[in-house]
Amino acid sequence: MEEVKGSVPWKAEDGAITYAKIKGEYSARGLDVCHFCGLKFNVGERIPRIIVGCGHTFCTSCLSYFLRNNRIRCPMCRKLLKGVESVDKLPLNFNILYEVVTKDPLLSTVNFEKCLQADPDAY
Ligand SMILES: [Zn+2]
Ligand SMILES: [Zn+2]
């Protein structure tokens, strides 16, 4: 057994690696996972939504738990967002949602458009 000390073999051998690396980091950094409940976002009760005001994203299930008296306190940065009537009013994080749907062969069969049209008066 050879021991490799202190050297991380990060060689940018060709461009193809970069793409795979970015894709890999996307899940490695936990962007497709809600940072509060630790569960993966989905197109059901854990649709990723953005807390406008700080930009942090959590799943709808957690957000409805945070919602008290029309206010949401972001568990990440402690910022308070007022005037939130319901979590449905918070904008969806399309980047994550898209990633979730396209990555999962099961989810991609779900009528994505229909899900998004569920709250027509979001704005
Ligand atoms: Zn959550
Ligand atoms: Zn925040």
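Predicted model only: the values in this text are computed from it and were never measured.

1. Describing the overall build of the protein
- Looking only at helices and strands, the protein features four helices and four strands.
- Considering the protein as a whole, with its 123 residues, one finds that 20% of them fall into the buried category.
- At a minimum sequence separation of 6, the contacts of the protein that also span at least 24 residues come to 47%.

2. Topic: unusual backbone geometry
- In this structure, N70 is a non-glycine residue whose phi angle is positive, near 65°.
- Here N70 is to be found in the loop between α2 (60-66) and β3 (71-73).
- You will see that R78, though not glycine, has its phi angle at about 65°, which is positive.
- Along the polypeptide, R78 turns up in the loop between β3 and β4 (80-82).
- On the basis of neighbour counts, which here come to 8 C-beta atoms within 10 Å, the residue R78 falls in the exposed class.

3. With respect to the environment of R68
- Among the secondary structure elements, R68 is positioned in the loop between α2 and β3.
- As for R68 and V84, which are separated by 16 residues in sequence, their C-alpha atoms are 9.0 Å apart.

Conventions and cut-offs
- Residues numbered from 1 in each chain as written.
- Chains lettered and ligands numbered in written order.
- Predicted model: local features only at pLDDT ≥ 70, side-chain atom pairs only at ≥ 80, totals over all residues.
- Helix = DSSP H or I, 4+ residues; strand = E, 2+ residues; numbered from the N terminus.
- Buried ≥ 20, exposed ≤ 12 C-beta atoms within 10 Å, placed from the backbone.
- Contact = placed C-beta atoms within 7 Å.

The values are spatial; any link to function lies outside them.
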